[in-house]
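Residue-level listing of the chains:
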Amino acid sequence: MARMNGILFRAICIGFSLLLLVSALLGSIRLAALNEELTGLEKSLKTLKEENRVLQARVESSLSLEELERRATEELGMQRLSPGQIIYIDLG
């Protein structure tokens, strides 16, 4: 009976050790996959930041007063006001 208990104890210890080993191996595989995913996401982030910088520069250049005036006069046919067309209103 004592011999059987010793064998059973060893079998349980070996089984538990194998379970821990498999768990550690699976954890290591998952960590490697997450690191690979992180690398891909960092590359995507870098690309998106560069694209955002380019788009921001385009927006800023398109919102300049000179560009706005150019588009108004050349594309829309608008003209600057003459002094006689300006009316000031006293709101006080």
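Just so it is clear, the structure is predicted and the values come from calculations on it, not from any experiment.

Q: Where do I start with the overall build of the chain in this structure?
A: Within the chain, the secondary structure is distributed over 2 helices and 0 strands. For 92 residues, the compact-globule estimate of 2.2 N^0.38 gives 12 Å, and the C-alpha radius of gyration of the chain, at 36 Å, exceeds that figure by more than 25%. C-alpha extents for the chain along the principal axes are approximately 115 × 35 × 15 Å. A buried classification covers 1% of the 92 residues belonging to the chain.

Q: Help me out: how do you make sense of a nonpolar patch on the surface in this one?
A: A cluster of nonpolar side chains, namely V22, L25, L26 and I29, defines an oily patch on the protein surface of about 390 Å² accessible area. Inspection of the secondary structure assignment puts I29 in helix α1 (residues 2-62).

Q: Would you mind showing me how to read the pattern of salt bridges here?
A: Note that side chains of opposite charge can pair when their charged atoms are close. A complete count under the given rule lists 6 salt bridges for this structure. A salt bridge links R53 to E50, with the nearest nitrogen and oxygen atoms 2.6 Å apart. You can see R53 and its partner E50 sitting in helix α1, 3 residues apart, about one turn around the helix. A salt bridge links E75 to R70, with the shortest nitrogen-to-oxygen separation between them at 3.5 Å. Residue classification places E75 among the partly exposed positions, given a relative accessible area of 48%. Within this structure, E67, R70, R71, E74 and E75 form a network of salt bridges that share partners.

Rules behind the numbers
Residues numbered from 1 in each chain as written. Predicted model: local features only at pLDDT ≥ 70, side-chain atom pairs only at ≥ 80, totals over all residues. Heavy atoms only, no water. Helix = DSSP H or I, 4+ residues; strand = E, 2+ residues; numbered from the N terminus. Rg over C-alpha atoms; globule rule 2.2 N^0.38 Å. Buried < 20%, exposed > 50% of the residue type's maximum accessible area, 1.4 Å probe, protein only. Patch = residues over 30% accessible without salt bridge, like charges linked within 9 Å, V, L, I, M, F, W, Y side chains within 5 Å. Areas by Shrake-Rupley, 256 points an atom, 1.4 Å probe, with all protein chains shown as cover. Salt bridge = Lys/Arg side-chain N within 4 Å of Asp/Glu carboxyl O.

Keep in mind that these numbers describe shape and distance, not what the molecule does.
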